[in-house]
Amino acid sequence: MELVMGSQSHKAHPALVLFALSVGAFAIGTTEFASMSLLPFFARDLHIDLPTAGHAISAYALGVVVGAPLIAAFGARLPRRTLLIALMAMFAVGNGLSALSPSYHWMLLFRFLSGLPHGAYFGVAALVAASLVPIEKRTLAIAKVMSGLTIATVLGVPVANWMGQILGWRSGFFVVCALAVLTMSLVALYAPRDAGDPKASPMRELGALGKSQVWLTLLTGAIGFGGLFAVYTYVASTMIEVTHVSETYVPLVLIVFGLGMTVGNLAVAWLADRALNRTVIGILLWSAVALALFPFMAGNIWSLSLIVFLIGIGGGMGTPLQARLMDVAGDAQTLAAALHHSAFNVANALGPWLGGLSIAAGYGLVSTGWIGCALSLGGLAIYLVAIATARRSAQPALAPCE
């Protein structure tokens with residue numbers, strides 16, 4: 001693919017571009033999920049209980065929700081390569097400060113700052129990935145970028161958890177900071193040098209907010225994905241207090257979860273390029289069933305590992321929803337793509353919060369599975385409404401999604 005900047009052309013190598021973008025996804029995935037797995041350790045160190053420590057996860061998610069639309073709207077005119085590098089620089093600083101947090105309240109602030117570039121990075125990276133391939137392969141291209149996040153759950157998160165146990169939880173955030181700096185270098189080397197979009201403006205991007213299909217798709221992710229986070233946030237604590245295994249087993253089960261995420265990400269994307277709507281419906285149903293089984297399988301390490309793998313597969317719903325937003329957003333592609341990750345971090349805040357309420361109310365750690373099942377079914381109901389209203393309005397852009 002030839003991308004022109006001024007009078008010079010720059011040849012983009014899709015495989016190298018996708019690799020560079022996936023390293024950033026790996027860094028983001030490591031900090032997002034490792035924070036959850038390190039929850040018992042920094043709760044102990046900062047002298048707070050588990051539900052209170054869960055607010056640090058919610059603070060990061062809130063940063064994503066706030067940062068994604070603002071950065072996307074005001075940065076849409078910038079060259080995407082420049083914007084990606086700037087976002088990773090912000091991410092590096094936020095995680096470096098998180099590692100230095102002297103107290104719980106500083107931790108909340110620094111996690112919020114770390115989350116600000118998250119959604120915009122993934123949104124812009126998805127648009128770059130989709131631009132490198134034919135439209136019938138775009139979901140798989142986005143999934144290859146997102147594979148950095150899922151591989152983080154296999155490698156980055158368990159390593160960060162292991163380092164947290166051996167070297168202290170702060171070391172995990174320092175590693176993420178280093179990964180962000182590496183991403184900046186790779187993006188500078190390999191990302192396409194585009195001239196930006198001179199016609200882009202905050203008002204044009206904000207036009208996405210007037211489209212009902214955009215909102216319904218975002219709500220599907222915000223509610224439907226919350227179930228996974230409701231369980232995952234407290235899985236380390238569940239293993240220690242319900243399954244009654246040593247802390248040393250936690251990284252191994254996190255690897256199993258990551259393998260499920262990796263399989264789900266690529267398999268669901270492959271299916272979505274062939275039948276998008278049916279794939280989204282199927283993965284939401286899959287998640288609802290797996291999460292409903294969690295309370296019955298948490299008492300044994302082998303059954304727990306199996307159900308965690310099956311729940312992880314449900315994480316593949318992100319890429320088809322991203323592709324659907326590209327169909328319904330019109331000219332406001334950057335904002336819609338970034339808002340997708342805001343929606344998923346609403347899920348990241350909502351799931352742990354509802355799970356924490358259930359635990360605090362005395363229903364036990366395994367009750368997070370029931371919370372998760374209800375959220376997945378809620379997401380499914382919203383998506384069915386989206387399909388029905390789109391068919392009634394006969395939007396041409398949705399025809400390939402059937």
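Predicted model only: the values in this text are computed from it and were never measured.

## Quick look at the domain arrangement of the protein chain
And then number 1: Domains assigned within the protein chain are domain 1 (12-191) and domain 2 (202-391).
And then number 2: Distance between the C-alpha centres of domain 1 and domain 2: 18 Å.
And then number 3: Facing 50 residues of domain 1, the contacting portion of domain 2 comprises 45 residues.
And then number 4: When the two sides are added together, the surface that domain 1 and domain 2 hide from each other amounts to roughly 4000 Å², 71% of it contributed by carbon and sulfur.

## Some words on the nonpolar core
And then number 1: Grouped together as the largest cluster of nonpolar side chains are 108 residues, with contacts concentrated most on Phe33, Phe42, Tyr121, Leu228 and Ile311.
And then number 2: When residues of this core are assigned to domains, at least three fall in each of domain 1 (12-191) and domain 2 (202-391).
And then number 3: In this structure Phe42 touches Ser35, Ala53, Ala56, Met107 and Trp169, once residues within four positions along its chain are discounted.

## Section: the pattern of salt bridges
And then number 1: In the structure shown here, the tally under the stated rule is 1 salt bridge.
And then number 2: Here Asp327 ties to Arg138 by a salt bridge, and the two come within 3.0 Å at their closest N and O atoms. Residue Asp327 is located in helix α16 (residues 318-328), and its partner Arg138 is located in helix α7 (residues 138-166); the two are separated by 189 residues in the primary sequence.
And then number 3: According to the relative accessible area criterion, Asp327 is buried, its value standing at 15%.
And then number 4: We classify Arg138 as buried; its relative accessible area is 11%.

## Re the packing of helix α13 (residues 250-272) against helix α14 (residues 276-297)
And then number 1: Running from N to C, α13 and α14 point in directions that differ by 145°, and their axes come no closer than 8 Å. Within the contact between the two elements, α13 uses Val268, Leu271 and Ala272 and α14 uses Leu276, Thr279 and Ile283.
And then number 2: A class-by-class count of the residues in the contact of α13 with α14 yields 5 nonpolar, 1 polar and no charged.

## Observations regarding empty space enclosed by the protein
And then number 1: Applying the stated criterion across every chain yields a total of 5 cavities of 30 Å³ or more.
And then number 2: For the largest cavity, the lining is made up of 19 residues, of which Met146, Leu149, Phe225, Gly315 and Phe344 are closest to its centre.
And then number 3: Going through the elements one at a time, α1 (14-37), α6 (118-131), α7, α13, α16 and α17 (333-360) are the ones with two or more residues in the lining of the largest cavity.
And then number 4: Top contributing element to the lining of the largest cavity by residue count: α17, with 4 residues.
And then number 5: The class makeup of the residues in the lining of the largest cavity is 8 nonpolar, 10 polar and 1 charged.
And then number 6: Split by domain, the residues of the lining of the largest cavity number at least three in each of domain 1 (12-191) and domain 2 (202-391).
And then number 7: By volume, the second largest cavity amounts to about 50 Å³.
And then number 8: If you trace the second largest cavity, you find it lined by Thr31, Glu32, Ser35, Met36, Ala56, Ile57, Tyr60, Arg111 and Asn348.
And then number 9: Looking at the lining of the second largest cavity, the elements that each hand over two or more residues are α1 and α3 (50-75).
And then number 10: It is α1 that contributes the most residues to the lining of the second largest cavity, 4 residues altogether.
And then number 11: Class assignment of the residues belonging to the lining of the second largest cavity gives a composition of 4 nonpolar, 3 polar and 2 charged.

## Section: the packing of aromatic side chains
And then number 1: Applying the stated rule across the entire model yields 6 aromatic pairs.
And then number 2: Three or more aromatic residues joined by ring pairs make a cluster, and in this case those are Phe225, Phe229 and Phe344.

## Here we look at the environment of Arg274
And then number 1: Along the chain, Arg274 falls in the loop between α13 and α14.
And then number 2: Spatially, the C-alpha atom of Arg274 lies 8.0 Å from that of Glu136, the residues being 138 residues apart in sequence.
And then number 3: A polar atom in the side chain of Arg274 sits 2.7 Å from the backbone oxygen of Trp270.

Parameters at a glance
Residues numbered from 1 in each chain as written. Predicted model: local features only at pLDDT ≥ 70, side-chain atom pairs only at ≥ 80, totals over all residues. Heavy atoms only, no water. Domains from an automatic or database assignment. Contact = heavy atoms within 4.5 Å. Buried area = accessible area lost by both parts, 1.4 Å probe. Core = buried A, V, L, I, M, F, W, Y, C linked by side-chain atoms within 4.5 Å. Buried < 20%, exposed > 50% of the residue type's maximum accessible area, 1.4 Å probe, protein only. Salt bridge = Lys/Arg side-chain N within 4 Å of Asp/Glu carboxyl O. Helix = DSSP H or I, 4+ residues; strand = E, 2+ residues; numbered from the N terminus. Axes fitted to C-alpha atoms, helices over the stretch in contact; angles between N-to-C directions. Nonpolar A, V, L, I, M, F, W, Y, C, P; charged D, E, K, R; others polar. 1 Å grid on protein atoms, 1.4 Å probe; cavity = no way out; pocket = protein on both sides within 12 Å on 5 of 7 lines; lining within 4 Å. Points joined across faces, edges and corners; volume = space filled by probe spheres on them. Phe/Tyr/Trp six-rings, centres within 6.5 Å; stacked < 30°, edge-to-face > 60°. Polar contact = N/O pair within 3.5 Å; in protein donor to acceptor, adjacent residues only side chain to side chain.

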